[in-house]
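Spelled out from the first residue to the last, the chains are:
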Amino acid sequence: LRTSEAHSIAVTAGEILFSTILFTCIYALLGSLYVFLLVKEVKHGVELTEGVRV
Amino acid sequence: MDLNLTWVLLFGVLIAGYAILDGFDLGVGVLHLFTKDEKEKRMNINAIGPVWDGNEVWLLTGGGALFAAFPPVYATAFSGFYLALMLLLAALIARAVSMEFRGKVDSPKWRNIWDWAFGLGSFLPALLFGVAVGNVLRGVPIDASGEFVGTFLGLLNPYALLIGVLSLVMFTMHGALYLVMKTEGEQQMRAQATAAKLWPIFVVLYVLATVASYLVAPYLFESAFLRVPFWVCAVIAFLGIAYVPIAMRQDKAFPAFIASSSAIAGLIGVALTSMFPKLLPSSVDLAYSLTAYNASSTPPTLTAMLIIALIGMPLVIVYTFVIYRVFKGKVVLTPDSY
């Protein structure tokens, strides 16, 4: 069964393009936010509690 | 009871379970749009924090059950509702990350962005749930070969939007009743007042929806009244709806929540028993409808799945009970909370 035979007839190429762009944007945004928060946490460092030696 | 009927019943249980469970956390998200106080906003998120994602899994299992038990229904509905489902996914993603991200940066602007993501990401699914149910009840354009031949804008017809507003109000009231259980003091009183205000609106919308259904989809009323399961669901829905304000007046928070849960389950049962055996009616010609019998998997598949479901579902029910027991009682905010 080839992709050309198996795709949804009701879904148009434009709709596929739309959802591909949508998810690319969502994941790009979430990825950048993740890196932003990760860098922020690393710079912030570990909260040291009493009795812990580094 | 034959296999196909059993699977319609199981699918109904999954969708009703989803509506009851995700219904209240979507409702809390809608109410979040109207919450001003920072502490109350955090209470909203922490009230649903430990349970919302487990609740959403019921939608996945519902979709999975549909895929395996009634593949043509799944194929036609998911292709036909493609853009609507993409919109739903975007909303659910925004809502999921908003709860995690909101408290990560100590800035009012940052929190404000995620408050909107959380609120709108809850509003949209609460509305779209009803829009989807409305379209299914009304029937969608399906041709003789079972293909969806409608458009995205066609899904936003007045009848479907009416059912959408009904589910939005129903879930918001349900969410307010949940907050009455999980909060204290002023916030609790406000949630109670909100639920009390939404109840009459819900009843009016329900009556309107019933009249509209009669006009738009008369087939629903053809044989429903002759069916015992229909009446069982109708009575459960009616008792649930009627008991909500009674329980609230007596300050019984949990019974009020159970009552709105039965109302939701009852209404979904009413819809399903009215449609049966149709699962996806065709608005082109009712004869083209996908039913529990012309659109099902083979009996061996249904049997194998039934065995898996009979093992899996009790496990799900048990862990759901355990989680709600662990997190029972009022929400207490700590520095580690959301």
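Residues numbered from 1 in each chain as written. Chains lettered and ligands numbered in written order. Predicted model: local features only at pLDDT ≥ 70, side-chain atom pairs only at ≥ 80, totals over all residues. Heavy atoms only, no water.

Engineer: Would you take a moment to explain the overall build of chain B for this structure?
Structural biologist: Broken down by element type, chain B carries 12 helices and 2 strands. In sequence order, chain B lays out its α and β elements as α-α-α-α-α-α-α-α-α-α-α-β-β-α. Since a compact globule built from 338 residues should have a radius of gyration of about 20 Å, the 20 Å found for chain B is in line with a globular shape. Reported as C-alpha extents along the three principal axes, the dimensions of chain B are approximately 60 × 40 × 40 Å. In chain B, buried positions account for 52% of the 338 residues. The contacts in chain B between residues at least 6 apart in sequence include a share of 79% that link residues at least 24 apart. Surface accessibility of chain B: about 15500 Å² in total, with carbon and sulfur atoms responsible for 74%. Mean positive and mean negative side-chain charge positions of chain B (20 and 19 charges, respectively) differ by 8 Å. (Helix = DSSP H or I, 4+ residues; strand = E, 2+ residues; numbered from the N terminus. Rg over C-alpha atoms; globule rule 2.2 N^0.38 Å. Buried < 20%, exposed > 50% of the residue type's maximum accessible area, 1.4 Å probe, protein only. Contact = heavy atoms within 4.5 Å. Areas by Shrake-Rupley, 256 points an atom, 1.4 Å probe, with all protein chains shown as cover. Lys, Arg positive; Asp, Glu negative; His and termini not counted. Charge placed at Lys NZ, Arg CZ, Asp CG, Glu CD.)

Engineer: Any chance you could explain the packing of aromatic side chains here in plain terms?
Structural biologist: The geometry of an aromatic ring pair comes down to the distance between the two centres and the angle between the two planes. Residue and element names in this part refer to chain B. Per the counting criterion, the structure on display carries 19 aromatic pairs over all chains. Centroid distance Phe225 to Trp231: 5.9 Å. Interplanar angle 35°. Geometry classified as tilted. Of the residues examined, Trp231 reaches a relative accessible area of 43% and is grouped as partly exposed. In this structure an aromatic cluster arises from ring pairing among Tyr214, Phe221, Phe225, Phe230 and Trp231. (Phe/Tyr/Trp six-rings, centres within 6.5 Å; stacked < 30°, edge-to-face > 60°.)

Engineer: I tried to follow the interface of chain A and chain B on my own but got confused; where do I start?
Structural biologist: Many descriptions give the size of an interface as the accessible area lost when the pieces come together. Contact with chain A, which involves 16 residues of that partner, is made by 15 residues of chain B. When chain A packs against chain B, close to 1400 Å² is buried across both sides, 80% of that on carbon and sulfur atoms. Applying the counting criterion to the chain A and chain B interface returns 0 salt bridges. Taken together, the connections running from chain A to chain B amount to 3 residue pairs in polar contact (both at pLDDT 80 or more). Its residues placed into classes, the side of chain A that touches chain B shows 12 nonpolar, 2 polar and 2 charged. (Buried area = accessible area lost by both parts, 1.4 Å probe. Salt bridge = Lys/Arg side-chain N within 4 Å of Asp/Glu carboxyl O. Polar contact = N/O pair within 3.5 Å; in protein donor to acceptor, adjacent residues only side chain to side chain. Nonpolar A, V, L, I, M, F, W, Y, C, P; charged D, E, K, R; others polar.)

Engineer: What is the right way to look at unusual backbone geometry in this model?
Structural biologist: One can expect most non-glycine residues to show negative phi and most peptide bonds to be in trans. Residue and element names in this part refer to chain B. Cis peptide bonds are those with omega within 30 degrees of zero, and the linkage from Phe276 to Pro277 qualifies with 5°. With respect to the helices and strands, the residue Pro277 is situated in the loop between helix 11 (253-275) and strand 1 (278-280). Even without glycine at this site, Asp251 takes up a positive phi of about 55°. Looking at the element boundaries, Asp251 is found in the loop between helix 10 (228-249) and helix 11. Take Asp251: its relative accessible area is 63%, and that puts it in the exposed class.

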